[in-house]
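So you can see what is in the structure, the chains are spelled out below.
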Amino acid sequence: MAEKNIFIESGHGKKKLAFGLTLNDPGAVRSINGFQWTERNLTVGFGNIVLGDLQGKVDFLQGVGVHTSATIQQKVAYVNEVIRKNGLKPDDCLYVAIHVNAGGGKGAEIYHKSWKNVQISREKAISILQKYRAWTGIHQHGKGVFASRENHYGRLYIDDLIIPACLIEVGYIDSTDLEILKDTKKVGDAIASAILHS
């Protein structure tokens, strides 16, 4: 892994709005026997494992949640400012957003930036998805690796960052993938290992 500086985002959560209002955004949701599985709960669990696994193995490590800012655009501005303030070189950084999918599909997929740092982002995305799948046994959804321009949310989440970035959808909450996703430590360890060995 060439990148020494890693940013990890756990997708969804509480978002601050205007006039002191807060929006609770759980992301994808699935209820089973009265228990509600949410994307937010899963991604926070995965993110915490990843941050713990990467601690001490990279020069700079920053957890980033959507809740840290009022809008996605402000979150992007926050990350870009952290990079500038710490004097980090963009090509020595990698941003990985962790999300869970829904909508009737199955398997994992990953999005990479569509402009600036495209080649590095794409190479990292291919490697991370391949290793994540190998260590979890989860299927690949569709072609697996997509440019962020192919998905509205992919563009919103990562394209305006000044560093290489990708967004991984670790599986579908509304499919049998959930049996794999329930094992927070296994999934988190797999994501961390995939990043370290990409």
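The structure reproduced in this document is the subject of the present report.

Describing helix H2 (residues 72-85)
Moving on, step 1. Taking 1.5 Å of rise per residue, 14 residues should cover 20 Å, and H2 covers 20 Å from first to last C-alpha, within 8% of that figure.
Moving on, step 2. When H2 is considered as a whole, its buried residues turn out to be Ile 72, Lys 75, Val 76, Val 79, Asn 80, Val 82 and Ile 83. Taken around the axis of H2, the buried residues stretch over an arc of 155°, which confines them to a single face. For H2, the exposed residues set more than 90 degrees away from the buried face come down to Arg 84 and Lys 85.
Moving on, step 3. Immediately beyond the C-terminal end of H2, within one or two residues, lies Gly 87, with a positive phi of roughly 65°.

Comments concerning the pattern of salt bridges
Moving on, step 1. Counted according to the given criterion, the structure contains three salt bridges.
Moving on, step 2. The salt bridge involving Glu 150 is made with Lys 143; its shortest N-O contact spans 3.1 Å.
Moving on, step 3. Note that Lys 185 is salt-bridged to Asp 189, the shortest N-O span being 2.9 Å. With Lys 185 and Asp 189 both in helix H6 (residues 184-196) and four residues apart, the pair spans about one turn of that helix.

Topic: the nonpolar core
Moving on, step 1. With 32 residues, the main nonpolar core has Phe 46, Ile 128, Tyr 132, Val 170, Ile 191 and Ile 195 as its most contacted residues.
Moving on, step 2. Looking at this core, the elements that each hand over two or more residues are strand E1 (5-10), helix H1 (39-54), strand E7 (93-101), strand E8 (108-112), helix H3 (118-136), strand E10 (165-172), helix H5 (177-181) and H6.
Moving on, step 3. Of all the elements, H6 adds the most residues to this core, at six residues.
Moving on, step 4. Counting residues in each nonpolar core, the second largest holds 21 residues, with Val 82, Ala 97, Ile 163 and Ala 165 among its members.

The rules behind these values
Residues numbered from 1 in each chain as written. Predicted model: local features only at pLDDT ≥ 70, side-chain atom pairs only at ≥ 80, totals over all residues. Heavy atoms only, no water. Helix = DSSP H or I, 4+ residues; strand = E, 2+ residues; numbered from the N terminus. Expected span 1.5 Å × (residues − 1). Buried < 20%, exposed > 50% of the residue type's maximum accessible area, 1.4 Å probe, protein only. Arc of directions from axis to C-beta. Salt bridge = Lys/Arg side-chain N within 4 Å of Asp/Glu carboxyl O. Core = buried A, V, L, I, M, F, W, Y, C linked by side-chain atoms within 4.5 Å.

Treat this as a map of the structure, not an account of what it does.
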